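Chain by chain, the residues run as shown.
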There are 2 protein chains.
Amino acid sequence: MNIVLFYPVERLLHICGFYTFFESYYAEDFYFEGEHHNFWEVVYCLGGTTGISADEKIYRLRPGDLAIHRPLVHHKLWSEESTRAHVLIFSFNGDGALLKGLGGAYSCDMELQKQWNDLFCRLKESGCRSSCTGFLQHLQKHPAELQAITNLCENNLLALKEQGLPLGYNQSKNALDYERIIQTMKRNLSNNLTVEELGLLCGLSASSMKKLFRHFNSMGIHEYFLHLKMKEAVRLLEEGKTVTETAELLGFSNQSYFSTAFKREMNEIPARFRRNRS
Amino acid sequence: MNIVLFYPVERLLHICGFYTFFESYYAEDFYFEGEHHNFWEVVYCLGGTTGISADEKIYRLRPGDLAIHRPLVHHKLWSEESTRAHVLIFSFNGDGALLKGLGGAYSCDMELQKQWNDLFCRLKESGCRSSCTGFLQHLQKHPAELQAITNLCENNLLALKEQGLPLGYNQSKNALDYERIIQTMKRNLSNNLTVEELGLLCGLSASSMKKLFRHFNSMGIHEYFLHLKMKEAVRLLEEGKTVTETAELLGFSNQSYFSTAFKREMNEIPARFRRNRS
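Only a predicted model underlies this, so the values are computations on that prediction, with no experimental measurement involved.

## Focus on unusual backbone geometry
Keep in mind that most residues, glycine aside, have a negative phi and that most peptide bonds are trans.
Residue and element names in this part refer to chain A.
Step number 1: Phi at Glu81 takes a positive value of approximately 50°, unusual for a residue other than glycine.
Step number 2: Assignment of secondary structure puts Glu81 in the loop between strand E8 (75-80) and strand E9 (85-95).
Step number 3: One non-glycine residue, Ser82, adopts positive backbone phi at about 55°.
Step number 4: Of note, Ser82 is situated in the loop between E8 and E9.
Step number 5: Looking at Ser82, the relative accessible area reads 61%, which means it is exposed.

Structural data, given as structure tokens:
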């Protein structure tokens, strides 16, 4: 036996499993109630124009564009430009170095669009259902096909670096105003701002802010500010800060109120979360 | 956050890394000196006719056919039918339930042939070299592409069950005579046969047997018999048999001779091999 070198394959992206995997057509007036969750989500635009909000950014996805929502990024989706948005959506848990820099929206080159369309056709062949887990219900009975589809999803995401261009975000006045509100919130995570104080900082009236939030977000202004604080809390706790330090850094004078808010967001109290992650 | 079900992805085939990955054209009179090794090898025929021996079986691969050699299967390769064999070859280590039933030769359907050809074109794009690790030397500098290629290899092998047909083996008199010799060896692993005794059992002269071995195998008759015994030794030791039991079951009256033969094949003595696998 000759001595031969071994070239190990490092997985830059490893998808461990899926939560949802489906195709959807949305009516012209469709508005998806926004959501955020503790896993990744990919929205690939197959047809029509899809409006997407992802935290403070607003994107307009046209066929061949996709959005990647990192865990805990609040996102919402709607049809735009009088079209019916047609999308392929999947959400997953995974690991690997690629995920570090992934997020936002991308425009795929022709070759990569072909790969997404091939993937979509392959999914359709194996029988599509309308529910959020439609493809998964079929695939879980066909493990070889499930792995093959997973491998193709990984490949399409791996290709983004070479064959995808970051998509510019929507620069309309509304979108920029909305972005300014969120950015102001992010700069003030250690403060307790009222809606009126936030409005003063942004140069917007409370009623305009509420209108923008109804449009681009599914949460109330105060509720969203709290959501951003909790996302920061996750980061601080993972960094090793104590629960007390974290509550103080985020402007909570009452630690029990902080714990309640954290549990509502993360389904566990901060002390346990910290223990489990360290 | 809604409660959502998680659908984990079970990997039926996980390629951990590669030893070789290359394309090759062989002259009409090419004869590859056979080999066996402790990892998997795939030979996909891109053009011409490729003769393949894999243990006792002789195959004729035409474009779109492939052979999969399990670890320790002795194999040899040559051009046939006055053509220049053109092949894509890779060898790997991996795990997963798929590997259990994999081995031998297959004919791929048109769709799967397209997938192999796409894979080959993609490899060529990233620069081909003639050495056995040609593609790997490039890919190891491009980890995203290495993972993508690996995922596609996995997918093509996963597809064999649905899109591949086991290939009938060569039924020429020579091939069948050769097969009979190996099968007789396999039935007599517990005996010590001389070449003449083997010939009597097969109804072949020692000189015909030697000719067949020169054609389909790179080892001598006695040497190959020993190789088959060592493959069986691996199985017995992995099953939990002691070194003494194993030596006896394979007709070795001298345990130290058994250990020497085993070390030559597996690069470690049987006692250590057994310890490492149990």
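## Quick look at the pairing of strand E2 (residues 14-25) of chain B
Step number 1: Burial of E2(B) is extensive: nine of the twelve residues sit out of reach of the surface.
Step number 2: Bridge analysis of strand E1 (residues 7-8) of chain A against E2(B) gives two bridges, and the strand direction is antiparallel. Each bridged residue has a counterpart across the sheet, and for Tyr7(A) the counterpart in E2(B) is Phe18(B).
Step number 3: In the sheet, E2(B) pairs with strand E9 (residues 86-95) of chain B via ten bridges, with the strands oriented antiparallel.

## Looking at the sheet that holds strand E5 (residues 49-54) of chain B
Residues and elements named next belong to chain B.
Step number 1: Spatially, the four strands line up as an open sheet ordered E3-E8-E5-E6, and their pairing is antiparallel. Either end of the sheet is taken by a strand with one partner, and the two such strands are strand E3 (31-35) and strand E6 (57-61). Along the sheet, successive strands turn relative to each other by an average axial angle of 20°, direction set aside.
Step number 2: Summarising the sheet, E5 and E6 pair through five bridges and their orientation is antiparallel. For Thr50, the partnering residue across the bridge sits in E6 and is Leu61.
Step number 3: Along the sheet, helix H7 (residues 206-216) contacts E3, E5, E6 and strand E8 (75-80); its crossing angle with E8, the most-contacted strand, is approximately 80°.

## Let's talk about the packing of aromatic side chains
Step number 1: Enumeration over the complete set of coordinates arrives at 38 aromatic pairs over all chains.
Step number 2: Judged by centre distance (6.0 Å) and plane angle (50°), the rings of Phe258(A) and Phe262(A) are tilted. Of this pair, Phe258(A) and Phe262(A) both sit in helix H10 (residues 255-266), four residues apart, which is roughly one turn of the helix.
Step number 3: By relative accessible area, Phe258(A) is classed as buried at 0%.
Step number 4: The class for Phe262(A) is buried, based on a relative accessible area of 0%.
Step number 5: Ring centres of Phe252(B) and Tyr257(B) lie 5.6 Å apart, and the angle between their planes is 55°; on these two criteria the pair is classed as tilted.
Step number 6: Here the aromatic residues Phe18(A), Phe21(A), Trp40(A), Tyr44(A), Phe90(A), Phe92(A), Trp116(A) and Phe135(A) are joined through ring pairs into a cluster of three or more.
Step number 7: The ring of Phe252(A) has Lys229(A) sitting right over it, with the charged end atom 5.4 Å from the ring centre.
Step number 8: Positioned over the ring face of Tyr169(B) is Lys57(B), at 4.4 Å from the centre of the ring.

Quick notes on the rules
- Residue positions are given per chain, counting from 1 as you read along its sequence in written order.
- Chain labels run from A onward and ligand labels from 1 onward, assigned in the order the entries are written.
- Only residues with pLDDT of at least 70 are given local features in this predicted model, and only at 80 or more are side-chain atom pairs given and counted; all residues enter the totals for whole chains, interfaces and linings.
- Excluding hydrogens and water, the side-chain figures rest on all heavy atoms present in the structure.
- Under the DSSP-based scheme used, a helix requires at least four consecutive residues in state H or I and a strand at least two consecutive residues in state E, with every element numbered from the N terminus.
- Categorising residues by exposure relies on relative accessible area from a 1.4 Å probe, with only protein chains included: less than 20% of the type maximum marks a residue as buried, more than 50% marks it as exposed, and the intermediate range marks it as partly exposed.
- Here, any two strands with at least 2 DSSP bridges between them count as paired.
- Helix axes are fitted to C-alpha atoms over the stretch in contact, other axes to C-alpha atoms as well, and angles between N-to-C directions run from 0 to 180 degrees.
- Throughout, a residue-residue contact means that at least one pair of heavy atoms, one from each residue, lies within 4.5 Å.
- For Phe, Tyr and Trp, where Trp contributes only its six-membered ring, two rings pair if their centres lie within 6.5 Å, and the inter-plane angle classes them as stacked under 30 degrees, edge-to-face over 60, or tilted in between.
- Here, a charge over a ring means that NZ of Lys or CZ of Arg falls within 6 Å of the ring centre while also lying within 35 degrees of the ring normal.

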